[in-house]
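The primary structure of each chain is shown beneath.
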Amino acid sequence: MSGGVTRWESAVRRTLRGMFDDAGVRGWLHVAEVRRPSACVTLDPDEPVPVGSVYKVALMAAFCRMTDAGALDPRQPVTLGPEDRLPGPTGVSVMRDPVTVSLRDLVLLMMSVSDNTAADAVHRKVGAAPVEELCRDLGMADTQVHGGVATTFAQLMAETGSPTVRAALARISDNDVTVPPGVYNPISKASASPADMARLLRAIWTDEAASAESCAFMREVMGRQAWGHRLGSGFPYDDVKVSGKTGTFGAMRHEAGVVELADGSTYTAVVFTQAARADSKLPRADAVIGAAARLAVEELRGNA
């Protein structure tokens, strides 16, 4: 929003901060029209934070660019044994026996149910350089994927002095224990700013992130996300389509997605939060993501 902060913008930001305060979280937000990104509502949009599984959107886009270039075969079968498992509550991560899945279906799993093992397998096939190149090309200067979930888990174990990932996650989820310094520092983990994620989503929805066919695939995959308790909770209507990717890391709960209304208007909606408590279940912290995004969309529609 250029030309200084208007009275309307200041009022919206005060309301958003009040909503986040009431939910017991610190909030970051960037909501904008896809076709007119200068029309936006923001709250600390350029501050990078650890994003948990939200990084998988950038990994998916880099994968699609490589398939467009013929550098990867999306149908290539990948076999994952028990030794390849990373901790996670869904997908291949909870399976006990070897499974063989195509690369393309691993992308579907890492996006639709946030499967960490699938994401790690995709990252090992794609590599770090193509993801970094994608971020540079799209102007995502505040985004760092590093090694994705594997690197984040390794850093967390080192920072907490824990022998396993599960022990490290339990340590930062204990409200009676002080979280070690560096755990929520974005420098060493997969991190991004809300503005960067909005750029990436806009590129996917305008066929600029990869080929038109690949962008259509990405939109379809994001539309299949299984979770509706965050961004989707703010738009509980049959004629509104919400596509997104959640991310959770300790006290941080996020979602980056796109809201498509019945009249054809489309909005990127990125909301990051950090709760004052580290409980695994904080319904109000989840719900404020959808509520804040809805307020921002309504304000943009009212001031169009």
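Nothing here was measured: the structure is a model prediction, and the numbers come from that model.

Peer 1: Is there a simple way to think about the packing of aromatic side chains in this case?
Peer 2: The relative placement of two aromatic rings is captured by the distance of their centres and the angle of their planes. Under the criterion given, the structure shown has 1 aromatic pair. Look at Tyr 184 and Phe 249: their rings are 5.8 Å apart centre to centre, the planes differ by 80°, and that puts the pair in the edge-to-face class. Here Tyr 184 is found in the loop between α7 (165–172) and β6 (191–192), whereas its partner Phe 249 is found in strand β7 (residues 241–249), with 65 residues between them in sequence. Judged by its relative accessible area of 4%, Phe 249 falls in the buried class.

Peer 1: I would appreciate a short explanation of the layout of surface pockets in the present structure.
Peer 2: Empty space left among the atoms is revealed by rolling a probe the size of a water molecule over them. The computed volume of the largest pocket comes to approximately 930 Å³. As for the largest pocket, its lining consists of 35 residues, and the residues nearest its centre are Pro 89, Asn 116, Leu 169, Thr 248 and Phe 249. Listing elements by their share of the lining of the largest pocket, those giving two or more residues are α6 (149–160), α7 and β7. If one sorts the elements of the lining of the largest pocket by residue count, β7 sits on top with 4 residues. For the lining of the largest pocket, the per-class residue count stands at 14 nonpolar, 15 polar and 6 charged.

Peer 1: How should the packing of helix α2 (residues 56–68) against helix α9 (residues 212–223) be read in this particular structure?
Peer 2: For any two helices packed against each other, the geometry is given by the interaxial angle and the distance between the axes. At a minimum axis distance of 10 Å, the contact between α2 and α9 shows a crossing angle of 150°. Here α2 is positioned roughly antiparallel relative to α9, judged by the angle of their axes. For α2 against α9, the interelement crossing comes out right-handed. Residue-level contacts link Val 57, Met 60, Ala 61, Cys 64, Thr 67 and Asp 68 of α2 to Ser 214, Phe 217, Met 218, Val 221 and Met 222 of α9. For the contact of α2 with α9, the per-class residue count stands at 8 nonpolar, 2 polar and 1 charged.

Peer 1: Can you help me understand the state of the cysteines in this one?
Peer 2: Between two cysteines, a covalent bond joining their sulfur atoms is known as a disulfide. A full pass over the atoms with the stated rule returns 0 disulfides. Cysteine Cys 64 shares no disulfide, and the gap to the nearest cysteine sulfur, in Cys 215, comes to 7.4 Å.

Peer 1: Explain the packing of α2 against helix α4 (residues 116–126) to me, please; I cannot follow it from the model alone.
Peer 2: Two elements in contact, α2 and α4, have axes whose closest approach is 10 Å; the angle formed by their N-to-C orientations is 40°. By the criterion of interaxial angle, the relationship of α2 to α4 is oblique. As α2 packs across α4, the resulting crossing turns out to be left-handed. Note on element contacts: α4 touches α2 through Asn 116, Ala 119, Val 122, His 123 and Val 126, opposite Lys 56, Leu 59, Ala 62, Phe 63 and Met 66. Residues of the contact of α2 with α4, tallied by class, amount to 7 nonpolar, 2 polar and 1 charged.

Peer 1: Whenever I open this one, the sheet that holds β7 confuses me. Can you help?
Peer 2: As a general point, the strands of a sheet are linked pairwise by backbone hydrogen bonds and lie either parallel or antiparallel. Taken in spatial order, the 5 strands make up an open sheet running β2-β1-β9-β8-β7, and their pairing is antiparallel. If you trace the sheet from one side to the other, it starts and ends with β2 (40–43) and β7, each paired once. The mean angle between the axes of side-by-side strands here comes to 10°, regardless of whether they run parallel or antiparallel. The strands touched by helix α1 (residues 7–22) are β1 (25–33), β2 and β9 (266–275); relative to β2, the strand with the most contacts, the crossing angle is about 50°.

Peer 1: Help me out: how do you make sense of unusual backbone geometry in this one?
Peer 2: Glycine aside, residues mostly have negative phi, and peptide bonds are mostly found in the trans state. Even without being glycine, Asp 44 reaches a positive phi, approximately 50°. Following the sequence through the fold, Asp 44 ends up in the loop between β2 and β3 (49–50). Classification of Asp 44 as partly exposed rests on a relative accessible area of 27%. Of note, Ser 114 is a non-glycine position whose phi angle comes to about 55°, a positive value. For Ser 114, the location among the structural elements is in the loop between α3 (103–112) and α4.

Peer 1: Explain the nonpolar core to me, please; I cannot follow it from the model alone.
Peer 2: As a rule of thumb, soluble globular proteins bury nonpolar side chains together. Met 60, Leu 200 and Met 218 are the most contacted members of the largest nonpolar core, which has 62 residues in total. The leading source of residues in this core is α2, at 9 residues. Apart from the residues lying within four places of it in its own chain, the contact partners of Leu 200 are Val 57, Ala 58, Ala 61, Leu 134, Leu 138 and Met 140.

Peer 1: Honestly, α2 in this entry has me stumped. Any pointers?
Peer 2: Structurally, the α-helix is built with 3.6 residues per turn, so residues lying three or four positions apart point the same way. The end-to-end C-alpha distance of α2 is 18 Å, a good match for the 18 Å that 13 residues give at a rise of 1.5 Å each. Counting buried residues along α2, 11 of its 13 residues qualify, which places the element largely inside the surrounding structure. Along α2, the residues classified as buried are Lys 56, Val 57, Ala 58, Leu 59, Met 60, Ala 61, Ala 62, Phe 63, Cys 64, Met 66 and Thr 67. Against the buried residues of α2 lie α3, α4, α5 (128–137), α8 (194–205), α9 and β7. Phi turns positive one or two residues past the end of α2, at Gly 70, with a value near 80°.

About the cut-offs
- Residues numbered from 1 in each chain as written.
- Predicted model: local features only at pLDDT ≥ 70, side-chain atom pairs only at ≥ 80, totals over all residues.
- Heavy atoms only, no water.
- Phe/Tyr/Trp six-rings, centres within 6.5 Å; stacked < 30°, edge-to-face > 60°.
- Helix = DSSP H or I, 4+ residues; strand = E, 2+ residues; numbered from the N terminus.
- Buried < 20%, exposed > 50% of the residue type's maximum accessible area, 1.4 Å probe, protein only.
- 1 Å grid on protein atoms, 1.4 Å probe; cavity = no way out; pocket = protein on both sides within 12 Å on 5 of 7 lines; lining within 4 Å.
- Points joined across faces, edges and corners; volume = space filled by probe spheres on them.
- Nonpolar A, V, L, I, M, F, W, Y, C, P; charged D, E, K, R; others polar.
- Axes fitted to C-alpha atoms, helices over the stretch in contact; angles between N-to-C directions.
- Parallel < 35°, antiparallel > 145°, perpendicular 65-115°, else oblique.
- Left-handed = near helix turned anticlockwise from the far one by under 90°.
- Contact = heavy atoms within 4.5 Å.
- Disulfide = S-S within 2.5 Å.
- Pairing = 2+ DSSP bridges.
- Core = buried A, V, L, I, M, F, W, Y, C linked by side-chain atoms within 4.5 Å.
- Expected span 1.5 Å × (residues − 1).

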